[in-house]
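These are the residues of each chain, in order.
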Amino acid sequence: MTTNILTIGTFFPSVISDLSKEFEIVECPERSDIEKLSANQCEHIEGLATFGWAPKDLIEKFPRLKLISSFGVGYDGVDADFAASKEIIVTHTPNVLNDDVANTAIMLILATMRRLIVQDKYLRDGRWVKEGNAPLTTSIRGKKVGIVGLGRIGEAIAEKLSVFQCETVYHSRNKKEGVPYTYYGNLVEMAKECDLLIAITPGGPATNKLINRDVIEALGPQGTLINVARGTVVDETEMVNALQDRRLGAAGLDVFEDEPNVPEELFSMENVVLTPHVASATWETRQAMSDLVVANLVSYFSKGKVETPVPECANLTGA
Ligand code: NAP
Ligand code: 8YV
């Protein structure tokens, strides 16, 4: 009998055509479409392709579910512990996006510190002609940069920063062996000493508001905060207040607490650069992520083994 796979969200056409060669596909472009599935359809779903979303009540709808193949490395929207408790494997798409996400962090650092958007507007508004040269900005060269979460992407960012002669240090729960960067167990202590802080941890309860008022105060009026992790990692209200009061110098933000809603106070701030959660959003990287979503499903249902399980499922058969 053919294996039934449910896709939630709009995947690249290649995902649907590749999966269709091996499986029966049930497409739900919108989450609300799931409610329209019949009991019989739910009964037969064995695999799921999803954009980082599979809460417990969704997983419970499909009694024969064996594999959740999630698009994206972050899976804070997937209940991986619950899935593992039901022997359902969760996979994600690590590594293939490291380079573009790290590039986005560098792009946000430069755009924020060198006020790229403000400079562009200055020229377009005719102010160069009328008022002369634009104000000076701050160099990245030689700055002390604290990476919050020196994982796959954090390390890629650190490598790219070496080109700018930055002193790179990091904070995470565990000290990492074999890296040439100084470790800080205390995030506030690290923020106090840094010119720049880059958040690149997973989201979820363990990192909720990790960058809180104390960390923001420690980074201070000359400091720049870059967030390419998840909006939940930063206390957004505290950050907005600190930027307004100039207790925090500047911010470059790709992620927000309640996407796609972004605090409107940020829109008029010249010391802020905003991007709409696009760190991995290049054709090349999104294709590689799509291919990995397919590869995990095909590999599991043909060979009984996935390529990139999440750690919570590493001990399950097939992971
Ligand atoms: P990773 O390799 O698992 O690295 C995560 C790092 O965060 C590790 O160094 C980990 O070290 C640290 N960490 C985890 N929990 C922590 C905590 N409570 N406090 C301090 N540090 C903590 O993951 P990755 O592949 O680099 O991806 C990181 C995250 O980036 C993803 O989960 C996702 O949320 C985000 N991301 C965003 C975009 C975007 O479009 N903006 C794109 C890709 C990824 P310890 O375990 O030692 O603490
Ligand atoms: C994705 C991301 O765009 O990989 C992640 O964790 O945040 C992004 O690369 C996002 O997950 C799309 O669902």
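The shown structure was predicted, so the numbers you read here are calculated from the model rather than taken from an experiment. (Residues numbered from 1 in each chain as written. Chains lettered and ligands numbered in written order. Predicted model: local features only at pLDDT ≥ 70, side-chain atom pairs only at ≥ 80, totals over all residues. Heavy atoms only, no water.)

Engineer: Would you mind going over the domain arrangement of the protein chain with me for this structure?
Structural biologist: Interfaces are often described in size by the accessible area the parts lose on coming together. Segmentation of the protein chain into domains returns domain 1 (4-96 + 283-313) and domain 2 (98-274). Relative to domain 2, the C-alpha centre of domain 1 lies at a distance of 32 Å. Of the residues lining the interface, 8 residues belong to domain 1; the matching set on domain 2 comes to 7 residues. Inspection of the domain 1/domain 2 interface yields 1 salt bridge. Here Asp76 ties to Arg230 by a salt bridge, and the two come within 3.0 Å at their closest N and O atoms. Run the count over domain 1 and domain 2 and you get 3 residue pairs in polar contact (both at pLDDT 80 or more). Partitioning the side of domain 1 that touches domain 2 into residue classes produces 3 nonpolar, 4 polar and 1 charged. (Domains from an automatic or database assignment. Contact = heavy atoms within 4.5 Å. Salt bridge = Lys/Arg side-chain N within 4 Å of Asp/Glu carboxyl O. Polar contact = N/O pair within 3.5 Å; in protein donor to acceptor, adjacent residues only side chain to side chain. Nonpolar A, V, L, I, M, F, W, Y, C, P; charged D, E, K, R; others polar.)

Engineer: I tried to follow the site of ligand 1 on my own but got confused; where do I start?
Structural biologist: Arg152, Ile153, Arg173, Asn174 and Asp254 are the nearest of the 26 residues found near ligand 1. Taking Leu150, its main chain carries an N or O atom lying 3.2 Å from an oxygen atom of ligand 1. Within the complex, 87% of the 930 Å² of free accessible area of ligand 1 lies under protein. A breakdown of the residues in the shell around ligand 1 according to their chemical character gives 12 nonpolar, 10 polar and 4 charged. (Near = heavy atom within 4 Å. Areas by Shrake-Rupley, 256 points an atom, 1.4 Å probe, with all protein chains shown as cover.)

Engineer: Would you take a moment to explain the site of ligand 2 for this structure?
Structural biologist: All residues in the neighbourhood of ligand 2 are listed as Phe51, Phe71, Gly72, Val73, Gly74, Leu97, Arg230, His277, Ser280, Arg286 and Met289. A distance of 2.8 Å separates an oxygen atom of ligand 2 from a polar side-chain atom of Arg230. Within the side chain of His277, one N or O atom sits 2.7 Å away from an oxygen atom of ligand 2. Here the shell around ligand 2 is built from residues that sort into 5 nonpolar, 4 polar and 2 charged.

Engineer: I keep staring at the nonpolar core and nothing clicks. Help me out?
Structural biologist: Most often, soluble globular proteins have nonpolar side chains that are buried together. With 74 residues, the main nonpolar core has Leu6, Leu48, Phe62, Ile68, Ile109, Ile157 and Leu161 as its most contacted residues. In terms of residue count, helix α5 (residues 98-113) provides more of this core than any other element does, 8 residues in total. Two domains each donate at least three residues to this core, and these are domain 1 (4-96 + 283-313) and domain 2 (98-274). Setting aside residues up to four positions removed in sequence, Leu6 forms contacts with Val26, Cys28, Leu37, Ile45, Gly47, Leu48, Ala49 and Phe62. Of all hydrophobic cores here, the second largest spans 29 residues; its members include Ala191, Ala199, Leu219 and Leu225. (Core = buried A, V, L, I, M, F, W, Y, C linked by side-chain atoms within 4.5 Å. Buried < 20%, exposed > 50% of the residue type's maximum accessible area, 1.4 Å probe, protein only. Helix = DSSP H or I, 4+ residues; strand = E, 2+ residues; numbered from the N terminus.)

Engineer: Is there a simple way to explain the packing of aromatic side chains in this structure?
Structural biologist: One pair of aromatic rings is described through two measures. These are the centre distance and the angle between the planes. Scanning the entire structure with this criterion turns up 7 aromatic pairs. An angle of 90 degrees between the planes, with centres 5.0 Å apart, marks the rings of Tyr300 and Phe301 as edge-to-face. For Phe301, a relative accessible area of 22% gives the class partly exposed. Within the aromatic cluster, the residues linked to one another by ring pairs are Phe11, Phe51 and Phe71. One cation-aromatic arrangement involves Lys56 over Phe82; the distance from NZ or CZ to the ring centre is 5.2 Å. (Phe/Tyr/Trp six-rings, centres within 6.5 Å; stacked < 30°, edge-to-face > 60°. Lys NZ or Arg CZ within 6 Å of the ring centre and 35° of its normal.)

Engineer: Help me out: how do you make sense of unusual backbone geometry in this one?
Structural biologist: Trans is the prevailing form of peptide bonds, just as negative phi is the prevailing case for residues other than glycine. Pro260 follows Glu259 through a cis peptide bond whose omega is 5 degrees. One non-glycine residue with positive phi stands out, namely Glu87, at about 65 degrees. Inspection of the secondary structure assignment puts Glu87 in the loop between α4 (80-85) and β5 (89-91). In this structure, Asn95 is a non-glycine residue whose phi angle is positive, near 70 degrees. Inspection of the secondary structure puts Asn95 in the loop between β5 and α5. For Asn95, a relative accessible area of 45% gives the class partly exposed.

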